Amino acid sequence: MNPNQHLAKMLKFYRQQKHWSLDKTAQETGVSKAMLGQIERGESSPTVAKLWKIATGMQLSLSQLLEPEQLVEQVTNQHEHQANTSIHHTPIVRQANQLRRQQTQDDMLVATLFPFDPKLKFEVFELTLLAGFEKCSQAHAQGVIEHVLVIGGQMELFIEGNWQVLMTGDSIRFNADRSHGYRNVTQAPAVFHNIIYYP
């Protein structure tokens, strides 16, 4: 399934789960009804920033829109089964090379290493910023925290009104419930792990 078809399916799946009309979804996300309709019909691929607006407005994690609903349900069922027990997970190996793909119209490759787990309250991505990538993101839901760990190349992170240079091996944690952004001004890809915590 190509990215447009996948996003179309997932957006419609969660909208119907909430019993929201397109008008209601537009009101809650700040994304126009026309754009939401185009995404649901597979006619438009949103930017990462637009996808974040949709996820935030629908009170979803980003990975819930990027991963198949079967995997989301599997994680949720595991959470419900373990609700009254200590946290214990069967070891799972996820290969970034098999998961990495361009899921939006941006020059960014996304590998969802671990989708959102409602018990652990975080998700883990490997993100690759191609040469020239620059994107600012609106504030996420209150209390969301991002952890960025650069594993290859050089990137810049916009936080607190300034662009901060991050080299391979650098790590940073910041409040993502305020405007922030990412860019790669080099000619080589910048690769980082992004751990996103939801309160």
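See the structure shown above.
An account of the accompanying structure is given in this report.

Rules and cut-offs
Residues numbered from 1 in each chain as written. Predicted model: local features only at pLDDT ≥ 70, side-chain atom pairs only at ≥ 80, totals over all residues. Heavy atoms only, no water. Helix = DSSP H or I, 4+ residues; strand = E, 2+ residues; numbered from the N terminus. Buried < 20%, exposed > 50% of the residue type's maximum accessible area, 1.4 Å probe, protein only. Contact = heavy atoms within 4.5 Å. Areas by Shrake-Rupley, 256 points an atom, 1.4 Å probe, with all protein chains shown as cover. Arc of directions from axis to C-beta. Pairing = 2+ DSSP bridges. Axes fitted to C-alpha atoms, helices over the stretch in contact; angles between N-to-C directions. Salt bridge = Lys/Arg side-chain N within 4 Å of Asp/Glu carboxyl O. Phe/Tyr/Trp six-rings, centres within 6.5 Å; stacked < 30°, edge-to-face > 60°. Lys NZ or Arg CZ within 6 Å of the ring centre and 35° of its normal.

1. Notes on the overall build of the chain
Point 1. Tallying secondary structure elements over the chain gives seven helices and nine strands in all.
Point 2. Put simply, the chain has 199 residues, and 45% of those count as buried.
Point 3. Summarising the internal contacts of the chain: among those between residues at least 6 apart in sequence, 66% fall at separations of at least 24.
Point 4. When the accessible surface of the chain is totalled, it reaches about 10300 Å², and 49% of it is carbon and sulfur.

2. Concerning helix H3 (residues 33–40)
Residues three or four positions apart in an α-helix share a direction because the helix packs 3.6 residues into each turn.
Point 1. For H3, every residue scored as buried is listed here: Leu36, Gly37, Ile39 and Glu40. Viewed end-on, H3 has its buried residues packed into an arc of 160°, placing them on one side of the element.
Point 2. Gly42 sits one or two positions beyond H3 and adopts a positive phi of about 75°.

3. Some details on the sheet that holds strand E2 (residues 122–129)
Point 1. Pairing in this open sheet of five strands is antiparallel, and the strands run E1-E2-E9-E4-E7 from one edge to the other. Each edge of the open sheet carries a strand with a single partner, namely strand E1 (108–117) and strand E7 (171–175). Within the sheet, the average angular offset between the axes of one strand and its neighbour, ignoring direction, is 15°.
Point 2. Relative to strand E9 (residues 190–197), strand E4 (residues 145–152) runs antiparallel, the two being bridged by seven bridges. In the strand pairing of E9, Val148 is matched with Asn194.

4. Observations concerning helix H4 (residues 48–57)
Point 1. Taken residue by residue, H4 has Val48, Leu51, Trp52, Ile54, Ala55 and Gly57 as its buried positions.
Point 2. Of the residues flanking the end of H4, it is Gln59, one or two places downstream, whose phi is positive at about 60°.

5. Side note on unusual backbone geometry
Point 1. In the Ramachandran plot, Gln59 falls in the positive-phi region, its phi being about 60° despite a non-glycine side chain.
Point 2. What makes Gln59 exposed here is its relative accessible area of 69%.
Point 3. Despite not being glycine, Glu160 shows a phi value in the positive range, around 55°.
Point 4. For Glu160, a relative accessible area of 67% puts it in the exposed group.

6. Quick word on the pattern of salt bridges
Point 1. Scanning the entire structure with this criterion turns up eight salt bridges.
Point 2. Between Lys24 and Glu28 there is a salt bridge, with its nearest N and O atoms 2.9 Å apart. Note that Lys24 and Glu28 are positioned in helix H2 (residues 22–29) at a spacing of four residues, about one turn of the helix.
Point 3. Glu28 gets classed as partly exposed once you look at its relative accessible area, which sits at 35%.
Point 4. Arg94 is the salt-bridge partner of Glu67, the closest N and O atoms lying 3.7 Å from each other. You can see Glu67 sitting in the loop between helix H5 (62–66) and helix H6 (69–81) and its partner Arg94 sitting in the loop between H6 and helix H7 (96–99), a full 27 residues away along the chain.
Point 5. The class of Glu67 is buried, set by a relative accessible area of 5%.

7. Observations regarding the packing of aromatic side chains
Each aromatic ring pair is characterised by the separation of its centres together with the angle its planes make.
Point 1. Scanning the model with the defined rule gives four aromatic pairs in all.
Point 2. Taking 5.3 Å as the distance between ring centres and 80° as the angle between the ring planes, the aromatic pair formed by Phe116 and Tyr198 counts as edge-to-face. A residue pair is termed long-range when its members are at least 10 positions apart, and Phe116 in strand E1 and Tyr198 in the segment after E9 qualify at 82 residues.
Point 3. Using a relative accessible area of 19% as the deciding quantity, one classes Phe116 as buried.
Point 4. When the ring of Phe158 is compared with that of Trp163, the centres are 5.2 Å apart and the planes differ by 55°; the resulting orientation is tilted.
Point 5. Cation over ring: Lys18 sits above Trp20, and NZ or CZ is 5.2 Å from the ring centre.
Point 6. Stacked on the ring of Trp20, the Lys or Arg Lys24 has its end atom at 5.6 Å from the ring centre.

No statement about biological role is implied by the geometric values presented.
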